[in-house]
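A structural walkthrough
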Amino acid sequence: MWVLLRGGYPLRILLPLREEWMGRRGLPRSLVPGPPRRRYRKEALPALEVPVLPVTATEIRQYLRAHGIPFQDGHSCLRAPSPFVKALQLKDQTGAPASFSLFIDKTTGRFLCMTSLAEGSWEDFQASVEGRGEGAREGVLLGEAPEAEDSEEVRRIWDRAIPLWELPEPEEAQLARVMFGLTKVTDDTLRRFIVRYLRPARSLVFPWLSPGGLGLRGLKLLSAEGQGDEVHYKETTIPRPGVYHNLFGLPLISRRDVEVVLTSRELDSLALNQSTGLPTLALPRGTACLPPALLPYLEQFRRIVLWLGDDLRSWEAAKLFARKLNPKRCSLVRPGDQQPRPLEALNRGLNLSRILRTALPAWHKSIVSFRQLREEVLGELSNVEQAAGIRWNRFPDLNRLLKGHRKGELTVFTGPTGSGKTTFISEYALDLCTQGVNTLWGSFEISNVRLARVMLTQFAVGRLEEQLDKYDEWADRFEDLPLYFMTFHGQQSIRTVIDTMQHAVYVYDICHVVIDNLQFMMGHEQLSTDRIAAQDYIVGAFRKFATDNSCHVTLVIHPRKEDDDKELQTASIFGSAKASQEADNVLILQDRKLVTGPGKRYLQVSKNRFDGDVGVFPLEFNKSSLTFSIPPKSKARLKKVKDDNGLVTKKPSSGKKGAVPQNSETCLGQAHHPYQPNPSKPSR
Ligand SMILES: Nc1ncnc2c1ncn2[C@@H]1O[C@H](COP(=O)(O)OP(=O)(O)OP(=O)(O)O)[C@@H](O)[C@H]1O
């Protein structure tokens, strides 16, 4: 049986849910049909209790020098001779001599040999250089068996799909073109990119070809459904999204190409390439992530233009991806009325080359003038709703107060011991995660298995122990959420936690980190002054992380001991005022005084830096689904907000954006949109 390599620091302390909790069904997880993907295997290392610190680019360089290995410094990778190919073997995909075909990621140390497709962690590379396990050298390159079922399915679908122009009924071909917005895309373009159509599924089929264009490694199916005036697209990939690493268009890239345009959809790449003649590549999962595994394929480009879409989310993603690609070589096309996504631009008869020329450099100096910012400000003003962030599906009242979940902010969350903080924050984060917010959990108090169980129950909105026959159905959908867990338990140093978060942002494009709870990073200081200083330091570190990485951090902090009959206030958060000062949002789970029935809690938003609205709304706990979301048909109630002095503020909030004073009263409207989970709805 083939063995998957899971060596190296990151995988030990940062596991996607499927490995941490679901267990394996006895099948290799990297389901890559087509020619075998090769992995470098060595003795499986036991999981370390204490994580090794991640490697730095300087250490990698020093190591290579110390071992006499020549290397070239690239944009995101170092290039070195590959120990996994024999000299004078075939040239690699980029045409470089195979002997220099090893790409080492400067941030993680992971390597990929472009010629043999061997890959592994930095520790694996070192082991190979140092000849550890030399005896196994001949056998270290393992072809990982493709998932037989998947590769058969890929082949079967591909064989049944036909080019659009070969459809027997011209009306059917015309309808497909209209549905996918392809009326201006020529047959020649579809032929070059080898796009087919699967009649029974009414889907376009995009192939994932091996480097060199030989084998078929996977497929993406795109179906379109008309809903009113809008067309909704649904994507299905084989293998599953987490391992679908297709840079669509790669076989058309020549080794001499030094510029490329990255898009977030295959259809956009077709439009761009047709109208500009430029090399284009589409990212496998759109704006959701840029997996570092793709970076070696982008090393050859001196200039990369990112044209990801027409909304603020695409713009945010472009900025994040540029950081990973090295901003100095990246330019970004700003979304705007006259700069829609490439396919729409083609259909509207716009000049795509001209739009590309307006791309802005991603590189910013430390000091900028308003001239450089004015476009960004305009973008925010003209997309007020999107600038407010992602709205919760399950908590409409939270949307009314906070307006949405935004990148780069710090949310501090507190509540009495045992009041349901973890349970609430789990649903709050899950809600965002089901909308494509890549989420990392640091649960230091309860185990990941227990947390995942709570989350899955909330996801299914019901007890699964009573319907185990549905378990796989829910678990399969849950498994595809962009959800990761740190494997820490108990006390941890803040440095290790921040390093792990940093790593996760790079590898998984994490946009939301939940830390439950801060007390687990405080060490064992006994004196209260030391504890307060430690907490201030930690809060400062999370604040900086959130800002620097454009990543939202939600931090659970225990309250200080209060009288049992007193409601919590911002000042009840343990420690000095630093936490509430640094936080953009302060949320308090109240379960005193206002309680009118069993299970009922109130959520108080006591600080809201984005637009000032604060308020309180009831949460009704459902013990079987472990959810706090508003149940269908629940009547909204007017909520009065008490300020920190326990006074009811009489004036209602003006509802205007801007400096609304804290503790203003907020009336919550009647029109609730209860979250109705719909199993047929795709989770992302
Ligand atoms: N509103 C509620 N009513 C009744 N039980 C609840 C409510 N909310 C949560 N619970 C239950 O209470 C238990 C504790 O919840 P949880 O762990 O979320 O609390 P916590 O505030 O995070 O605790 P701690 O202070 O120890 O961190 C769980 O079993 C949960 O299902």
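Residues numbered from 1 in each chain as written. Predicted model: local features only at pLDDT ≥ 70, side-chain atom pairs only at ≥ 80, totals over all residues. Heavy atoms only, no water.

Overview of the overall build of the protein
Regarding its fold elements, the protein presents 21 helices and 25 strands. Here the protein holds 684 residues, and the buried ones make up 55% of them. When contacts within the protein are restricted to residue pairs at least 6 apart in sequence, long-range pairs at least 24 apart make up 69% of them. Accessible surface for the protein amounts to roughly 30,900 Å². Of this, 52% is attributable to carbon and sulfur atoms. (Helix = DSSP H or I, 4+ residues; strand = E, 2+ residues; numbered from the N terminus. Buried < 20%, exposed > 50% of the residue type's maximum accessible area, 1.4 Å probe, protein only. Contact = heavy atoms within 4.5 Å. Areas by Shrake-Rupley, 256 points an atom, 1.4 Å probe, with all protein chains shown as cover.)

Overview of the packing of helix H16 (residues 421–433) against helix H17 (residues 448–460)
How two helices sit against one another is set out by the angle between their axes and by the gap between those axes. Where H16 contacts H17, the axes come no closer than 10 Å and their chain directions differ by 60°. It follows from the interaxial angle that H16 and H17 lie oblique. Remark: the crossing between H16 and H17 carries right-handed chirality. Residues Thr422, Thr423, Ser426, Glu427 and Leu430 of H16 pack against Leu451, Val454, Met455, Gln458 and Phe459 of H17. When its residues are assigned to classes, the contact of H16 with H17 shows five nonpolar, four polar and one charged. (Axes fitted to C-alpha atoms, helices over the stretch in contact; angles between N-to-C directions. Parallel < 35°, antiparallel > 145°, perpendicular 65-115°, else oblique. Left-handed = near helix turned anticlockwise from the far one by under 90°. Nonpolar A, V, L, I, M, F, W, Y, C, P; charged D, E, K, R; others polar.)

A few points about the nonpolar core
One finds Leu306, Met501, Val513, Ile515 and Phe542 to be the most contacted residues of the largest nonpolar core, which totals 72 residues. If one sorts the elements of this core by residue count, helix H19 (residues 494–508) sits on top with nine residues. In this structure Ile515 touches Gly442, Phe444, Met486, Val497, Met501, Met521, Phe542, Thr554, Leu555 and Val556, once residues within four positions along its chain are discounted. Ala429, Ile446, Met455 and Leu483 belong to the second-largest nonpolar core, a separate cluster that totals 39 residues. (Core = buried A, V, L, I, M, F, W, Y, C linked by side-chain atoms within 4.5 Å.)

What about the sheet that holds strand E10 (residues 203–209)?
With antiparallel pairing, four strands are arranged side by side in an open sheet as E9-E10-E11-E12. The sheet is open, and its two edges are formed by strand E9 (196–198) and strand E12 (230–238), each paired on a single side. Taking each pair of neighbouring strands and ignoring which way they run, the sheet shows an average axis angle of 30°. By the bridge criterion, three bridges tie E9 to E10 in an arrangement that is antiparallel. From the neighbouring strand, Arg196 faces E10, where its bridge partner is Val205. Each of E9, strand E11 (216–227) and E12 touches helix H6 (residues 170–179); the most contacted strand, E11, lies at about 85° to it. Of the strands in this sheet, E10, E11 and E12 touch helix H8 (residues 266–276), which is tilted by about 80° from E10. (Pairing = 2+ DSSP bridges.)

Some details on the packing of H17 against helix H18 (residues 471–479)
Between H17 and H18, the shortest axis-to-axis distance is 10 Å and the interhelical angle comes to 105°. Taken together, the axis directions place H17 and H18 in an arrangement best described as roughly perpendicular. Residues Ala452, Met455, Leu456, Phe459 and Ala460 of H17 lie in contact with H18, whose contacting residues are Tyr471, Trp474, Ala475, Arg477 and Phe478. Along the lines of polarity and charge, the residues of the contact of H17 with H18 split into nine nonpolar, no polar and one charged.

Quick look at the pattern of salt bridges
In the structure shown here, the tally under the stated rule is 27 salt bridges. Here Asp159 and Arg155 are joined by a salt bridge, their closest N and O atoms 3.5 Å apart. With Asp159 and Arg155 both in helix H5 (residues 148–160) and four residues apart, this pair spans about one turn of that helix. One network of salt bridges, with partners in common, ties together Arg61, Asp73 and Lys106. (Salt bridge = Lys/Arg side-chain N within 4 Å of Asp/Glu carboxyl O.)

Focus on the pairing of E11
Inspection of the sheet shows E10 paired to E11 by seven bridges, in the antiparallel sense. Note on E11: the bridge partner recorded for Val205 is Leu221. The sheet contact formed by E11 and E12 spans nine bridges and is antiparallel. Along E12, the bridge assignment pairs Gly226 with Val231. Where E11 hands over to E12, the hairpin turn is made up of two residues, of which Gly228 adopts a positive phi near 65°.

Details of unusual backbone geometry
The omega torsion of the bond from Ile238 to Pro239 falls at -5°, within 30 degrees of zero and hence cis. Residue Asn517 is reached from Asp516 by a cis peptide bond, and omega for that bond is 0°. By the secondary structure assignment, Asn517 is in the loop between strand E21 (512–516) and helix H20 (528–549). The residue Leu117 is not glycine, and still its phi comes out positive at about 65°. Even without being a glycine, Asp509 presents a positive backbone phi close to 50°. With respect to the secondary-structure elements, Asp509 resides in the loop between H19 and E21.

A look at the sheet that holds strand E3 (residues 72–73)
Taken in spatial order, the five strands line up as E3-E4-E5-E6-E7 in an open sheet, and their pairing is antiparallel. Of all strands in the sheet, those bounded by a partner on one side alone are E3 and strand E7 (119–120).

So, H8
Taken across its 11 residues, H8 has nine buried, putting it largely inside the fold. For H8, the full list of buried residues reads Glu266, Leu267, Asp268, Ser269, Leu270, Ala271, Leu272, Asn273 and Thr276.

With respect to the pairing of E21
As a general feature of sheets, a regular strand has side chains that alternate between the two faces. Counting buried residues in E21 gives five out of five residues, a clear majority hidden from the surface. Taking every second residue as pointing to the same face, both faces of E21 are buried, with His512, Val514 and Asp516 on one and Val513 and Ile515 on the other. The pairing of strand E19 (residues 439–443) with E21 spans five bridges and is parallel. Each residue of the ladder has a partner; that of Thr439, found in E21, is His512. Of the strand pairs in this sheet, E21 and strand E22 (residues 552–556) are connected by five bridges, and their pairing is parallel. In the strand pairing of E22, Asp516 is matched with Val556.

Quick notes on the state of the cysteines
Tallied over the full model, the rule gives zero disulfides. For Cys77, which is in no disulfide, the shortest distance to another cysteine sulfur is to Cys113 and amounts to 13 Å. Relative accessible area serves as the criterion here: at 2%, Cys77 is assigned to the buried category. Free of any disulfide, Cys551 has its nearest neighbouring cysteine sulfur in Cys511, separated by 6.6 Å. With a relative accessible area of 0%, Cys551 lands in the buried category. (Disulfide = S-S within 2.5 Å.)

None of the figures reported here should be taken as evidence of function without further support.
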